[in-house]
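Chain residues, written in single-letter form:
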Amino acid sequence: MPKAPSSSASPSSGPHPNVLKRNQACHQCRRRKLKCDAKRPCSTCVRSHAHALAHAPAGAPMPSGPDCTFDEIPETHPSISDAPKNKYERLENRISELEALLRQKENAPDINSDSIFSLRTNGTSPSQNMSNGGHRPYTESRDSSNSPKTLLSPGIAITAEASSSSQTWDVMWTNWPPNLPAPELLRHLVEVFFLFHPHSTRLFHPSTFMASLTLPPTHPKFPVAPILHAICAVGSLYTGMVTSPPLPNLAEVEPDEIFHERHRSKEERPDSFAEQQVKLAKTGAKRLELLGQDLLEATQAYVICCWFYISHLKHVELFSTAAEALRLSVPLGLNMCPPFNSIAVSPRPASLLPPARTVIEDEMRRNVFWLAYANERQHGCANGWAHSLDDQDISQLLPLRGDQYVQGKLVTPHDRQWAHVKDLLLVHPEGQVDSFILFIKSTILLSRVKTFNMRFRARHFNGDETITSRNPLPRPTGSSEVDARMSVGFIELDNTISSFLGTFPAHLRSPIMNNTVDNHLYTACLIVHVSNIILHDPHADVRQSGCISALKILTAARAILDLIYAVWSTNFDITLLDPFCSFCWLHGGRVLIRFLQAAMEANSQDQVSTLRAELEFILTALTKVGQRYAMAYRSAKVLEDLMAETGVQSVTGVMSI
């Protein structure tokens, strides 16, 4: 180690600060855990050397100077720019720039109260970088058309702010997490995630998250690794700069296969970038959960992983992860809000999370719960399996309106709506409704329909007055089932479904306005029609003339078809719709298949021709979305197979994509 020079002069012309930087003390003081003033030699070593000389035995060899060594640091020369005053000025200037960017974002015209993430249909989209008729161009060479700037839609304000801080990514941090992509690629994936995923700006506060991404990885406010891994996995859906799982080979795998891992283990290919990232996210979130650290962030990571599994229709992973996120929200106190906590005396707190420090943090927690709820309810709506959390155990406020969330505006519970009130679905408080709130309400409606179907037999067996039928309607021939359609519970649900869309405020009646598609509102409208189908489908006899339930499901299916026609007539990229839309389209297609089969049996050529054309159009739309989402690709193949079973050959050709 180099010896310190005998001179006590400091390499810096200014005085030493009271607190030293890391590794600035001398080796001897660090080893002995003594205070060091970083002089060369330091005062502590000088005193130790003087004491050793005074108490050394006679004739003992002693060094002429103190043994005081330091880490080798390149010599720097003082400059005017390093003066404290100039450093403060630079910091103040930087703060002013950031404040200006935040003001610009708040005033951006593309962020409105109806939907923070409403995309202009005349903007560009990632699908413009797809090869014709194929999946995303993972292996294509990059050119100017594939750069991050051209991948982003120019109509969204966040692009300008994001590019303004790109200079902070010129240098790789020495302690950058090893499994994350390079900072520049990570930032690109985060940007496309916020720009193109419909729920991203509700799960996080975008400007706050982007600001935290510029911090050093060791900073406590830097996003936790599982969240970033999950964002990378979902972001891969919207860019060709990284690889995603290829579309499944439906010639070898059933399109509605639940256990995909059986076939994945036979594939001779390494995991794609997206598959690696989602595995790291899931493992990291589970580790945080077990350690009891960053539990809210772990829940957010689970929610994003669900979005990846939904897109690729990985049933097992989605089922378990959606349940994990929703169940984890319970000990975090996200399903309830004071004053509706339990009256029981418990040694455990109502929430394992500390109190929220800001309005934004409090509302973000609420959004995390509702998005976890939406994942679990939507994925499970078509099966008969129990929910992970009963609706009766939810006493939470509905989300804040989008623009208020962005601004961090405090709105008291008195002016908002609770999820457990009786008139939740048919009353929308003025000033506290937007497309995302209606999206959540439609999901609650879907949940109530499934719960009714799932519990009907048990409740009827117990003589529940809201279930028992008093005036049963005619049942399908040969059926001995109890008719539920005249029960109080069924009638209430049926009336709610029929009235729900009509209660929307005037400015939220149509999901497509001026060639602009509101993603949340579009999905909410589809969910209402799917709820109608799920409620009436068990009672519908499509071969019986005058069957009310058959008429209901046919009307709902054609309402879904009308929504497909409407979005198709714009130049909006339909592959950017919520992936759940593909499920809704398929559900409408299944109903039309039933009527097609009945029409063919009755030899009604006019009806057969009409139904075939309608099914072909749904299949075309699913095939288009299937270029981005494997879920839609599989759904298209399911519909094509159902058509083939009725003797109708599709002209679209799903396998051709």
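As shown above, the structure is provided for reference.
Below or above, wherever it landed, is the structure these notes cover. As the structure is a prediction and not an experimental result, all values here were calculated from the model.

Attention shifts here to the overall build of the chain. Along the backbone of the chain there are 22 helices and 3 strands. Here the chain holds 657 residues, and 50% of them are scored as buried. Look at the contacts in the chain between residues 6 or more apart in sequence, and 72% of them connect residues 24 or more apart. For the chain, the accessible surface area stands at approximately 31,800 Å², while carbon and sulfur atoms represent 55% of it.

Here we come to helix α14 (residues 359-379). In this model, α14 (21 residues) spans 30 Å end to end at C-alpha, consistent with the 30 Å of a helix rising 1.5 Å per residue. Extensive coverage of α14 is indicated by the burial of 17 of its 21 residues.

With that settled, the discussion passes to the packing of helix α18 (residues 519-536) against helix α19 (residues 548-568). Taken N-terminus to C-terminus, the directions of α18 and α19 make an angle of 160°; their axes are 8 Å apart at the nearest point. The orientation of α18 relative to α19 falls into the category roughly antiparallel. In this structure, α18 crosses over α19, and the sense of that crossing is left-handed. On the side of α18, the interface is formed by Y522, C525, L526, H529, V530, N532, I533 and H536, while α19 contributes S549, K552, I553, A556, A557, A559, I560, L563, I564 and V567. Along the lines of polarity and charge, the residues of the contact of α18 with α19 split into 13 nonpolar, 4 polar and 1 charged.

As a further point, take the pattern of salt bridges. One pass over the full model with this rule turns up 24 salt bridges. Between R416 and E363 there is a salt bridge; the shortest N-O distance is 2.8 Å. One end of the pair, R416, is in the loop between α15 (402-407) and α16 (435-461); the other, E363, is in helix α14, and 53 residues separate them in sequence. Exposure class is identical for R416 and E363. Each is buried. Here R459 and D464 are joined by a salt bridge, their closest N and O atoms 3.0 Å apart.

A separate point is the side chain of H49. Mapped onto the secondary structure, H49 falls in helix α2 (residues 43-54). For H49, a relative accessible area of 12% gives the class buried. With residues near it in sequence (within four places) discarded, H49 still touches P63, S64, G65 and P66.

Cut-off values and rules
- Residues numbered from 1 in each chain as written.
- Predicted model: local features only at pLDDT ≥ 70, side-chain atom pairs only at ≥ 80, totals over all residues.
- Heavy atoms only, no water.
- Helix = DSSP H or I, 4+ residues; strand = E, 2+ residues; numbered from the N terminus.
- Buried < 20%, exposed > 50% of the residue type's maximum accessible area, 1.4 Å probe, protein only.
- Contact = heavy atoms within 4.5 Å.
- Areas by Shrake-Rupley, 256 points an atom, 1.4 Å probe, with all protein chains shown as cover.
- Expected span 1.5 Å × (residues − 1).
- Axes fitted to C-alpha atoms, helices over the stretch in contact; angles between N-to-C directions.
- Parallel < 35°, antiparallel > 145°, perpendicular 65-115°, else oblique.
- Left-handed = near helix turned anticlockwise from the far one by under 90°.
- Nonpolar A, V, L, I, M, F, W, Y, C, P; charged D, E, K, R; others polar.
- Salt bridge = Lys/Arg side-chain N within 4 Å of Asp/Glu carboxyl O.

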